[in-house]
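# Architecture at a glance
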Amino acid sequence: AAPTRCHSTAPGSSCCAWQLHQDHLELRYGSTVMRLDFVWLRDHCRSASCYNAKTNQRSLDTASVDLGIRPRAVRVDDTTLFLTWPDGHVTRYGLEWLAKNSYEGQKQQVMHPRILWNAEIYRQAQVPSVDCRSFLETDEGLKEFLQNFLLYGIAFVENVTPTKEDTKILAERVSIIREEGLKEVAVWEEQSFARRDISCYDLRGREGSQALGAREIKDHIQVFHCLKHEGTGGRTLLVDGFHAAEQVLRQAPEHFQLLAKVPLKHEYVENVGGCHNHMIGVGPVLNVYPWNNELYLIRYNNYDRAVFNTVPHDVVRRWYRAHRALTAELRRPDNELWVKLKPGKALFVDNWRVLHGREAFTGYRQLCGCYLTRDDVLNTARLLGLQA
């Protein structure tokens, strides 16, 4: 390998040292030691001929890069890495950009900043609801709402006109509304009277009057708006699944790893009237980014879990122990946030993170809501300058 070269960087930071190896460049910038493959360095060139800065799209044909490529010359100054390739093309990289976008840099970063909470943490945070007019008419109000949603996985809008139509307008401020299923409208509205013989809940929002335990729902983001309730009870239960998973990780890392590794099948079959669905999803209970072990999705829905047949018998019992540990955390009373939905107060729930249920109620209850596409919500947040 070539001798190590050392250059000073910005004032107050550590020196920048680099060394060429057979197939990669080793580069230390500050506290980050990066190992950058030569093919990767050529593929990610940001020159005008290789990358369209206006559309943020690669122009270079990756398949045209020689897999045995090696730079002809390397130079590093205080802020920039310069690579000259065998054909004379010069690639320039900012050291800060490399530190952020390298594998080693990504391992040290959080993709989605969050605040994990139990009931007491959330109450003490005194997260404000956003006024409907500010939400609909100003970027500041929308940004405040989305920041709350990204940090906590739930957010409220107050002073919404209690109609299905106004709820639809509210939802469309942040996302395209997702169609619920075949031959069904995008915004559902249900009216329920308390009855002893009803205990169903079918993930489409149709519900009876009996209590519903907290669970994750398959759709990405859900909106709830109680239009009317003439009776008692019916509070909504919210649990931060990521907070519960974090407790499992701290207390029994082997349980967390098993729940993040073992794939499960979830199945939903519906044959009601003209609506026919047979949906199957496969994945572990806990889904993490493999480079930094950051949790981004929890699948916890015991109602729809299909036959558990994805692992051999010697793993089955260990998985049940891990599942039991997570269940115990999710059901801890101090993790349960109870909220009374009322006309004019709309709730947005991130179903990839927050589990929700409802207590039993009496009387007449009218509820409406819809499902939103996650990509559109996150896109709206990014356009407002938020990390999402």
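Predicted model only: the values in this text are computed from it and were never measured.

As a further point, take the nonpolar core. Core analysis: the biggest nonpolar cluster contains 28 residues, and Phe135, Phe145, Leu146, Val174, Phe348 and Leu372 have the highest contact counts within it. Among the elements of the structure, α5 (132-137), α6 (139-152), β11 (154-158), α7 (164-172), β15 (221-230), β22 (346-350), β24 (364-372) and α11 (374-383) are those that each provide at least two residues to this core. Counting residues per element, this core draws most heavily on α6, at five residues. Setting aside chain neighbours within four positions, we find Leu146 in contact with Val174, Val377, Thr380, Ala381, Leu384 and Leu386. Within the second largest apolar cluster, 26 residues are counted, among which are Leu237, Ile298, Val315 and Ala322.

So, about the packing of helix α9 (residues 253-261) against helix α10 (residues 313-330). At a minimum axis separation of 9 Å, α9 and α10 run at an interaxial angle of 110°. What the angle tells us is that α9 and α10 run roughly perpendicular. Facing α9, whose interface residues are His255, Leu258 and Leu259, α10 presents Val315, Arg318, Trp319, Arg321, Ala322, His323, Ala325 and Leu326. Of the residues in the contact of α9 with α10, the class split is seven nonpolar, two polar and two charged.

Within the fold, His323 resides in helix α10. Here the alpha-carbon distance between His323 and Val248, two residues 75 residues apart in the chain, equals 9.9 Å. Once residues within four sequence positions are removed from consideration, His323 is found in contact with Leu259, Tyr300 and Asn302.

This part covers the sheet that holds strand β9 (residues 90-94). Here three strands make up an open sheet; going across it, the order is β7-β8-β9 and the pairing antiparallel. The outermost strands of the open sheet, each flanked by one partner alone, are β7 (73-76) and β9. Strand-to-strand twist in this sheet, taken as the mean axis angle between neighbours without regard to direction, amounts to 15°. In terms of strand pairing, β7 meets strand β8 (residues 80-84) through four bridges, oriented antiparallel. From the neighbouring strand, Ala73 faces β8, where its bridge partner is Thr84.

Scanning all chains against the criterion turns up 11 salt bridges. For Asp43, the salt bridge identified is with Arg58, shortest N-O distance 3.2 Å. With Asp43 in helix α1 (residues 38-43) and Arg58 in strand β6 (residues 57-58), this residue pair connects regions lying 15 residues apart in the sequence. A relative accessible area of 11% places Asp43 in the buried class. Close ionic contact of Glu172 with Lys168 constitutes a salt bridge, the shortest N to O distance being 2.7 Å. Here Lys168 and Glu172 lie together in helix α7, a separation of four residues that amounts to about one turn. Judged by relative accessible area, Glu172 falls into the partly exposed class, the value being 43%. Salt bridges here are not isolated pairs; linked through shared partners, they connect Glu329, Arg332 and Asp334.

Reading guide: rules and limits
Per chain, residues are indexed from 1 in the order of the written sequence. pLDDT decides what is reported in this predicted model: residues at 70 or higher carry local features, side-chain atom pairs at 80 or more are listed and counted, and totals for whole chains, interfaces and linings draw on all residues regardless. In computing side-chain properties, one takes all heavy atoms of the structure into account and sets aside hydrogens as well as water. Think of a nonpolar core as a cluster: buried Ala, Val, Leu, Ile, Met, Phe, Trp, Tyr and Cys residues, connected wherever their side-chain atoms sit within 4.5 Å. Classification of residues uses two cut-offs on accessible area relative to the type maximum, computed with a 1.4 Å probe and protein chains only: under 20% is buried, over 50% is exposed, and between them is partly exposed. Working definition: helices are DSSP H or I runs of at least four residues, strands are E runs of at least two. Numbering for both runs from the N terminus. It only takes one pair of heavy atoms within 4.5 Å for two residues to be counted as in contact. Orientation is described by axes fitted as lines to C-alpha atoms, over the contacting stretch for helices, and by angles from 0 to 180 degrees between their N-to-C directions. For this classification, under 35 degrees means roughly parallel, over 145 means roughly antiparallel, 65 to 115 means roughly perpendicular, and everything else is oblique. Gly falls in the polar group here, along with every residue not listed as nonpolar (Ala, Val, Leu, Ile, Met, Phe, Trp, Tyr, Cys, Pro) or charged (Asp, Glu, Lys, Arg). Here, a strand pair is defined by DSSP locating no fewer than two bridges between the strands. When a carboxyl oxygen of Asp or Glu lies within 4 Å of a side-chain nitrogen of Lys or Arg, that pair is called a salt bridge.

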